[in-house]
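Structure assessment
So you can see what is in the structure, the chains are spelled out below.
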Amino acid sequence: MIVKVVNGFDIHIYGQVLRIIEFDEMKVSPDGFDLNQLLLNEPRGNKYMNLLTFKETPSLIHVTLASVTGVENEDILLKVCLRALLDRHRIKTESEYSIKINGSVKTFKHQELNTTALFEVKHNGTDYTINHKRIKTVETDLQLEIHNISAIKEEINKQTDSNYDYLVLEHDTQHIAANRNGDILAHPVLEVLSLLNHKFEWHEISIFNGADISIQDGRLGHPYHLISNSQFYVDDTDIYQQGFVIK
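Here we come to the pattern of salt bridges. As a working rule, side chains carrying opposite charge can pair if their charged atoms are close by. Counted by the stated rule, this structure contains 10 salt bridges. A salt bridge links R19 to D10; the shortest N-O distance between them is 2.7 Å. According to the relative accessible area criterion, D10 is buried, its value standing at 5%. Taking the shortest distance from any N to any O, the salt bridge between E170 and K199 comes out at 3.2 Å.

Below, the discussion takes up the environment of H62. Within the fold, H62 resides in strand β4 (residues 61-67). C-alpha of H62 to C-alpha of V105: the two residues are 43 residues apart in sequence and 9.0 Å apart in space. Other than its neighbours up to four places away in sequence, H62 contacts T53, F54, K55, T57 and K100.

We now examine the pairing of strand β6 (residues 104-109). Within a regular strand, the side chains alternate between the two sheet faces. Note that strand β5 (residues 96-101) and β6 share six bridges and pair antiparallel. Bridging from a neighbouring strand, I101 pairs with S104 of β6. Between β5 and the antiparallel strand that follows it, β6, lie two residues; N102 among them carries a positive phi value of about 55°.

Conventions and cut-offs
- Residues numbered from 1 in each chain as written.
- Predicted model: local features only at pLDDT ≥ 70, side-chain atom pairs only at ≥ 80, totals over all residues.
- Heavy atoms only, no water.
- Salt bridge = Lys/Arg side-chain N within 4 Å of Asp/Glu carboxyl O.
- Buried < 20%, exposed > 50% of the residue type's maximum accessible area, 1.4 Å probe, protein only.
- Helix = DSSP H or I, 4+ residues; strand = E, 2+ residues; numbered from the N terminus.
- Contact = heavy atoms within 4.5 Å.
- Pairing = 2+ DSSP bridges.

Here is the structure:
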């Protein structure tokens, strides 16, 4: 028996998926179901899924943001959410927008919603600190391409250090990034792009999922693509009460 229907839509930004749900859709959760986990893991348990819920008030847009593997590129996700809501005429066009998230308020100017500035890079001898994240870089002879994935994973496992937020393997004009757990990140991470632009002056950067990143005047453009408008039906006989969790 269907006991709950949740409406939302999914958008895609360079390989990250952002699922956007209005807060009122999530207010009531059927017994035994965790709607946040369910919406993160449906469908197919995408490891790059991010779930954003929003509620508009006269002066603020209140937002919660959750992720399967940890929130990355937070400001980009928030800006893309604003653009999507504007495109859908869900919010009014303003000169700037204020978003309350995690107890803090972030303000974004309308003319800056399409791009985001790279971070300042601090070099600390053997590693880098960018946006309060520590990044370890390693030069390798490996071809950093999908056909070499087993060797790449082996090298990442050997080099992974939980003291660092990101590990970056470098080979010629190729790179690949992993998080502190050793998980390969197929999407771009703004801290890593900031490092590559600073270290090599790369303005055209190819990432592991095949997307080409363009950096102009120290800013990254981030187009988004609509994947789907979705309705999720919660059936009280469903044995997968947290969705399809991939381990």
